[in-house]
Amino acid sequence: MSAARSFKKHFAHKSLLRVYTDKIKESGAIGLDRTRPAKLDAKLTDELKLIIQKVQQGKYRFTAYKGANRENGKNRTLRFSGQP
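Here the structure is a predicted model, which means the values were calculated and not measured.

Colleague: Looking at this structure, I do not really get the side chain of serine 15. What am I missing?
Modeller: Secondary-structure assignment places serine 15 in helix α2 (residues 13–24). We classify serine 15 as buried; its relative accessible area is 12%. Leaving out residues up to four positions away in the same chain, serine 15 has contacts with Lys9 and His10.

Colleague: Is there a simple way to explain the packing of α2 against helix α4 (residues 44–57) in this structure?
Modeller: Geometrically, a packed helix pair is captured by the angle between its two axes and the distance between the axes. Running from N to C, α2 and α4 point in directions that differ by 125°, and their axes come no closer than 10 Å. Here α2 lies oblique to α4, going by the angle between them. Note on packing geometry: the crossing formed by α2 with α4 is right-handed. When α2 is examined against α4, the residues His13, Leu16, Leu17 and Tyr20 are found in contact with a partner set consisting of Leu44, Thr45, Leu48, Ile51 and Ile52.

Colleague: Help me out: how do you make sense of the nonpolar core in this one?
Modeller: If you look at soluble globular proteins, the nonpolar side chains tend to sit buried side by side. Membership of the largest hydrophobic core is limited to five residues, which are Leu16, Tyr20, Leu44, Leu48 and Ile52. Listed by contribution, the elements that provide at least two residues to this core are α2 and α4. A per-element tally of this core places α4 first, with three residues. With residues up to four places along the chain from it excluded, the contact list for leucine 48 reads His13, Leu16 and Leu17.

What counts as what
Residues numbered from 1 in each chain as written. Predicted model: local features only at pLDDT ≥ 70, side-chain atom pairs only at ≥ 80, totals over all residues. Heavy atoms only, no water. Helix = DSSP H or I, 4+ residues; strand = E, 2+ residues; numbered from the N terminus. Buried < 20%, exposed > 50% of the residue type's maximum accessible area, 1.4 Å probe, protein only. Contact = heavy atoms within 4.5 Å. Axes fitted to C-alpha atoms, helices over the stretch in contact; angles between N-to-C directions. Parallel < 35°, antiparallel > 145°, perpendicular 65-115°, else oblique. Left-handed = near helix turned anticlockwise from the far one by under 90°. Core = buried A, V, L, I, M, F, W, Y, C linked by side-chain atoms within 4.5 Å.

Here it is in structure tokens:
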């Protein structure tokens, strides 16, 4: 698969909606604009259209996250924590 096809596949409406429902909606995460998933649901279609439009025009700014591995305790696996 070419890079262009892969890019279009990942930023299609269906793919973005799947990412939202699988990873964000039930997580209780709050966006940088302080929007909760419950409020975003009402305007999700419009927001996804705007994201796709900006990505296609090359104007979308991806949020940079600082990743950190944190210890949960002795003999436990590390936990990844992302911070904007």
